[in-house]
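Understanding the architecture of this molecule
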Amino acid sequence: MFIDTHCHLIDDGHVIDHVDAVLARATDAGVGAIICACADPKDIAIAPEFVSGHQNMFTTLGIHPEYADVDARDIIKPQILSHPRVVGVGEIGLDYHYGRDNRNAQIKLFETQLAMAESAGLPVAIHTRDAEEDTMAILDNSNVTGVLHCFTGSWDLARHMLDRGFYISASGILTFKNAAAIRDTFVRIPHDRIVIETDSPYCAPVPHRGSVCEPAMVVDTARVLGDVMGIGGSELVQILRDNTCRLYPKISLVE
Ligand SMILES: [Zn+2]
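To keep things clear, this report deals only with the structure shown in the data block. (Residues numbered from 1 in each chain as written. Predicted model: local features only at pLDDT ≥ 70, side-chain atom pairs only at ≥ 80, totals over all residues.)

1. Examining the overall build of the protein chain
In terms of regular secondary structure, the protein chain is built from 10 helices and 10 strands. Compactness check: the protein chain gives a C-alpha radius of gyration of 17 Å against a globular reference of 18 Å for 255 residues, within 12% of the reference. Principal-axis analysis of the C-alpha atoms places the extent of the protein chain at approximately 45 × 40 × 35 Å. Scored against the burial criterion, the 255 residues of the protein chain give a buried share of 42%. Expressed as a percentage of contacts within the protein chain between residues at least 6 apart in sequence, the contacts between residues at least 24 apart total 70%. (Helix = DSSP H or I, 4+ residues; strand = E, 2+ residues; numbered from the N terminus. Rg over C-alpha atoms; globule rule 2.2 N^0.38 Å. Buried ≥ 20, exposed ≤ 12 C-beta atoms within 10 Å, placed from the backbone. Contact = placed C-beta atoms within 7 Å.)

So, in structure tokens, the structure goes:
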């Protein structure tokens, strides 16, 4: 079974519409476990209970840099991070794509959540966009490890973070026609450091581009990732699953 290590089934404080149909399609496609990431502060309160209602579903709690004006300590209390289904802190990070006006606020939110992850002993799921230098500098000052989610960065960033013990996550972007540079980067990443995700509802892989992405589509990304890694079938499934379980040690899968 594949594990979709990062998707958004909760948004704006609500579980998505028709979630049962989405999950049924994922099961039919061979997706055996799902990690729901939080981005919106409103998602935090409902995510642990939602994932607890489903077998092999877990969550990472975190506030995306888009909400840089909030204080994470008001929203993510230490006790919620010890919930058995909360396996990490994320998605957190830096995003300067729309400008650097709130750079300081983003950095503060990021550093606060890194400290929370460190105190809780949890790995982090990192979002970084047009902010590689600051991301590396800040993570170098922290003792956490984790994953660069939906990786589209440079080989320099990948290598730096691999040296720090991080994993690198492939999303549907890996399948895009214009993503040859990203595929080339994944060729260079050691097999034991790669995980896979959909980041649904965003970034639907080929041949679903233009439709709403959902966890079932992780198998389309897996096909391309398998080509890039030079492996396939049960070997690919096993490697990705072992990597995910090392990355997120709190995951306990029901067979
Ligand atoms: Zn995401």
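2. Here's the deal with the nonpolar core
Here is a general trend for soluble globular proteins: nonpolar side chains tend to be buried in one another's company. Residues Cys-36, Leu-61, Val-124, Val-147, Ile-168 and Ile-196 are the most contacted members of the largest nonpolar core, which totals 67 residues. Sort the elements by how many residues they give to this core and strand S4 (residues 31–37) lands first, with six residues. Leave out the neighbours within four places in its chain, and Val-124 touches Gly-88, Val-89, Gly-90, Ile-92, Leu-114, Ala-117, Val-144 and Gly-146. (Core = buried A, V, L, I, M, F, W, Y, C linked by C-beta atoms within 7 Å.)

3. Digging into the environment of Pro-78
Tracing the backbone shows Pro-78 in helix H4 (residues 78–81). Residue classification places Pro-78 among the exposed positions, given that 10 C-beta atoms sit within 10 Å. Sequence separation between Pro-78 and Cys-213 is 135 residues, and the spatial gap between their C-alpha atoms is 32 Å. Sequence-distant contacts of Pro-78, defined by excluding residues within four places in its chain, comprise Ser-119 and Ala-120.

4. With respect to helix H5 (residues 103–120)
In this model, H5 (18 residues) spans 26 Å end to end at C-alpha, consistent with the 26 Å of a helix rising 1.5 Å per residue. Those residues of H5 that fall on the buried side of the exposure criterion are Gln-106, Leu-109, Phe-110, Gln-113, Leu-114, Met-116 and Ala-117. All buried residues of H5 project into a common sector of 160° when viewed along the axis, lining one side. Exposed side of H5, more than 90 degrees from the buried face: Asn-104 and Ser-119 are the residues found there. Buried residues belonging to H5 abut helix H3 (72–75), H4, strand S6 (86–95), strand S7 (124–129) and helix H6 (132–140). Just downstream of H5, Gly-121 is the residue with a positive phi angle, here 70°. (Expected span 1.5 Å × (residues − 1). Arc of directions from axis to C-beta.)

5. Comments concerning unusual backbone geometry
Glycine aside, the phi torsion of most residues is negative, and most peptide linkages are trans. The residue after Gly-90, namely Glu-91, is reached through a cis peptide bond having omega 10°. Assignment of secondary structure puts Glu-91 in strand S6. A cis amide bond, omega 15°, links Ser-200 with the succeeding residue Pro-201. Along the chain, Pro-201 turns up in the loop between strand S10 (194–196) and helix H9 (218–229). Backbone geometry places Asp-12, a non-glycine residue, at a positive phi of 55°. Mapped onto the elements of the fold, Asp-12 is located in the loop between strand S2 (10–11) and strand S3 (14–15). Note on Asp-12: 9 C-beta atoms within 10 Å, which makes it exposed. One non-glycine residue, Cys-150, lies in positive phi territory at about 50°. For Cys-150, a count of 26 C-beta atoms within 10 Å gives the class buried.

6. Observations regarding the pairing of S7
Among the six residues in S7, five count as buried, and that is most of the element. Note that S6 and S7 share six bridges and pair parallel. For Gly-90, the partnering residue across the bridge sits in S7 and is Ala-125. Traced from S6 through H5 to S7, the parallel crossover comes out right-handed. Of the pairings in the sheet, the one linking S7 to strand S8 (residues 146–148) comprises three bridges and is parallel in character. By the bridge assignment for S8, Ala-125 is matched with Val-147. Handedness of the crossover joining S7 and S8 through H6: right-handed. (Pairing = 2+ DSSP bridges. Right-handed = clockwise from strand over helix to strand, strands pointing away.)

7. Focus on the sheet that holds strand S5 (residues 57–61)
On the basis of which strands lie adjacent, the open sheet formed by eight strands has the order S1-S4-S5-S6-S7-S8-S9-S10 and parallel pairing. Because the sheet does not close on itself, it has two edges, and the strands there are strand S1 (2–7) and S10. If you compare each strand with its neighbour and ignore which way they point, the axes differ by 30° on average. Taken together, the three bridges between strand S9 (residues 167–170) and S10 define a ladder with parallel strand orientation. Bridge pairing in S10 links Ser-169 to Val-195. (Axes fitted to C-alpha atoms, helices over the stretch in contact; angles between N-to-C directions.)

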